[in-house]
Amino acid sequence: MIPALMPTYNRAPLSFVSGTGAWLTEADGRRFLDFAAGIGVNALGHAHPALVRALTEQAGRLWHVSNLYRIPEQEALADRLTAASFADTVFFTNSGTEATELALKMVRRFWHGEGRERHRILTFTGAFHGRSTGAIAAAGPGKMTDGFGPLMPGFEVLEWGDHDALHAAMDETVAAVMVEPIQGEGGIRTMPPECLRGLRELCDATGALMVLDEVQCGTGRTGRLFAHEWAGIAPDILLVAKGIGGGFPLGAVLAQERAATPMVAGTHGSTYGGNPLGCAVGAKVMEIVAEPDFLAEVERKGAAMEEQLSALVAAHPAIFAGVRGKGLMRGLACKVTNTDVVAAARDAELLVVPAADNVVRLLPPLTISDDEITEGLARLDKAASALAEQGASA
Ligand SMILES: *Cc1c(COP(=O)(O)O)cnc(C)c1O
């Protein structure tokens, strides 16, 4: 018999009852150190006092009004986001997937407005843009698309890192290129800054729109508000979600004016997108994360974590192959099966997440302390030693 909950997830046998900062308490009382942060969602950790206050104050005042009316909390967050980034304008969604869908619609509508038939959207292997029909088509055929065809046409998935393929594909029939500056699900694969700059130049030369998906790598995770800032470039369209809501469902599409010009009244909408609760929390997240001192701390802690991870890899050459990523978005490439490492870490009361390319992802809250980083690494070391012992006795 099918369970009451549709069984689409492989869930670990853990249920958390409360959290503070980087710590989660299981129903049996055990305390887990959270190096997953809801897969990069709880950017400020669990139950951050300023976020609890922002949410409860707003909850006591007003939860929902329709987008038929002005929503001051939404306007305030849009002002914050445009002031802190390349963007001229923002549309709020409830999730990353919805941001992806809007970006795809904007690309179509842009070329429609130009009176040009440009329908090719280039994406890359290992991409993840969400689970809607458009987003799974964008990522290309595989596990996510199996049985869900026919897929939305128009996407061409290029091999990640294949410059020749990119140059061969780029011409004046390309509508847009969509890419994550650092792939999350794809295994913490970083597009080097010089490649992001090269891609920007190719887009400029052909007129193609540059769409960056920073749902996972954005909102301060790399030590800049947005990861593309490291390359000194700006996209035409940027997808944001996960960390921006600090745990409240919130996403956004940020755009330059030119890319958003055809999005006039009636072209898009959302019932819940930009609701007062989400935007009150998002504004507080932005107030904290966009501070230069906060971002500098993320960068410093990220470097410290990288150093400790490198030492861990050196200490366990049979388990780990290397360290990837930037800031507090890190990946451990594994020699053993990555899900075994995740399970061993769980036994050591540390939460981490698997990713493609046999990688274990580390996405601690941006508020994590130096001591907590050291503690997490000690637990990873314990997990690796346990795996090495199992391997030796097998
Ligand atoms: C998680 C994620 C999405 C999808 O976001 P949801 O909020 O789950 O819809 C899209 N792109 C990237 C890069 C992501 O990590």
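Residues numbered from 1 in each chain as written. Predicted model: local features only at pLDDT ≥ 70, side-chain atom pairs only at ≥ 80, totals over all residues. Heavy atoms only, no water.

> Just checking my understanding: could you explain the sheet that holds strand S15 (residues 350-351) for this structure?
Pairing between the strands of a sheet is mediated by backbone hydrogen bonds and can be parallel or antiparallel. Judged by pairing direction, the sheet is mixed, and its four strands sit side by side in the order S1-S2-S3-S15 without closing on themselves. The open sheet has two edge strands with one neighbour each: strand S1 (16-20) and S15. Bridge count for strand S2 (residues 23-26) against strand S3 (residues 31-34) is three bridges, and the pairing is antiparallel. The residue bridging Trp23 from the neighbouring strand is Leu33, located in S3. In the packing of helix H12 (residues 370-393) onto the sheet, contacts are made with S2, S3 and S15, and the angle to S3 comes to roughly 105°. (Pairing = 2+ DSSP bridges. Helix = DSSP H or I, 4+ residues; strand = E, 2+ residues; numbered from the N terminus. Contact = heavy atoms within 4.5 Å. Axes fitted to C-alpha atoms, helices over the stretch in contact; angles between N-to-C directions.)

> Can you walk me through the environment of Glu101 in this structure?
Mapped onto the elements, Glu101 comes out in helix H4 (residues 96-113). What makes Glu101 partly exposed here is its relative accessible area of 25%. Leaving out residues up to four positions away in the same chain, Glu101 has contacts with Ser132, Thr133, Gly134 and Ala135. Here the side chain of Glu101 touches Ser132 through a polar contact of 2.4 Å, side chain to side chain. A polar contact of 3.5 Å, which involves the side chain of Glu101, links it to the backbone nitrogen of Ala135. (Buried < 20%, exposed > 50% of the residue type's maximum accessible area, 1.4 Å probe, protein only. Polar contact = N/O pair within 3.5 Å; in protein donor to acceptor, adjacent residues only side chain to side chain.)

> Explain the pairing of strand S5 (residues 120-124) here, please?
Look at any regular strand and the pattern is simple: side chains alternate between the two faces of the sheet. For S5, the buried fraction is high: five of the five residues fall into the buried class. Residues Arg120, Leu122 and Phe124 line one face of S5 and the alternating positions Ile121 and Thr123 line the opposite face, and both faces are buried. Bridge count between S5 and strand S7 (residues 174-179): three bridges; the pairing is parallel. What sits directly across from Arg120, in S7, is Val174. Examined bridge by bridge, S5 and strand S6 (residues 155-158) share four bridges and lie parallel to one another. Across the sheet, the residue bridging to Phe124 is Leu158, located in S6. As a crossover connection, the stretch from S5 through helix H5 (residues 133-139) into S6 is right-handed. (Right-handed = clockwise from strand over helix to strand, strands pointing away.)

> What exactly am I supposed to notice about the sheet that holds strand S17 (residues 359-362) here?
The strand order S13-S14-S17-S16 describes an open sheet built from four strands, whose pairing is antiparallel. Both edges of this open sheet fall to strand S13 (320-326) and strand S16 (353-355), since each of them pairs with a single strand only. Neighbouring strand axes in the sheet, compared pairwise and without regard to direction, differ in orientation by 30° on average. Judged from the three bridges that link them, S16 and S17 form a sheet pairing that is antiparallel. In the sheet register, Pro354 faces S17, and the bridge partner there is Val360. Sheet strands touched by helix H11 (residues 338-347): S13, strand S14 (329-334), S16 and S17. Its angle to S16, the strand with the most contacts, is close to 175°.

> What exactly am I supposed to notice about the domain arrangement of the protein chain here?
Note on interface size: it is often stated as the accessible area lost on association of the parts. According to the domain assignment, the protein chain contains domain 1 (16-34 + 293-393) and domain 2 (49-289). The interface is formed by 21 residues belonging to domain 1 together with 21 residues belonging to domain 2. Between domain 1 and domain 2 lies a buried interface of about 1,700 Å² when both sides are counted; carbon and sulfur atoms form 64% of it. Looking at the side of domain 1 facing domain 2, the largest losses of area belong to Leu295, Lys326 and Met329, adding up to 38% of the total buried there. Linking domain 1 to domain 2 there are two salt bridges. (Domains from an automatic or database assignment. Buried area = accessible area lost by both parts, 1.4 Å probe. Salt bridge = Lys/Arg side-chain N within 4 Å of Asp/Glu carboxyl O.)

> Where do I start with the packing of aromatic side chains in this structure?
What characterises a pair of aromatic rings is the spacing of the ring centres plus the angle enclosed by the ring planes. Per the counting criterion, the structure on display carries three aromatic pairs. Considering the side-chain rings of Phe16 and Phe32, the 5.5 Å spacing of their centres and the 80° angle between planes classify their relative orientation as edge-to-face. Taken together, the residues Phe16 in strand S1 and Phe32 in strand S3 connect sequence positions 16 residues apart. Seen from the ring of Trp111, Arg118 lies directly overhead, with NZ or CZ sitting 4.0 Å from the centre. Its end group placed over the ring of Trp230, Arg224 keeps NZ or CZ at 3.8 Å from the ring centre. (Phe/Tyr/Trp six-rings, centres within 6.5 Å; stacked < 30°, edge-to-face > 60°. Lys NZ or Arg CZ within 6 Å of the ring centre and 35° of its normal.)

> How should I be thinking about the site of the ligand in this particular structure?
Neighbouring residues of the ligand: Ser95, Gly96, Thr97, Phe128, His129, Gly130, Glu180, Asp213, Val215, Gln216 and Lys242. Backbone polar atom of Phe128 to a nitrogen atom of the ligand: 3.1 Å apart, as the coordinates give it. Between the ligand and Gln216, the relevant distance is 2.7 Å, taken from an oxygen atom to a side-chain nitrogen or oxygen of the residue. Coverage of the ligand by the protein chains reaches 83% of its 380 Å² of free accessible surface. Per-class residue counts for the shell around the ligand are two nonpolar, six polar and three charged. (Near = heavy atom within 4 Å. Areas by Shrake-Rupley, 256 points an atom, 1.4 Å probe, with all protein chains shown as cover. Nonpolar A, V, L, I, M, F, W, Y, C, P; charged D, E, K, R; others polar.)

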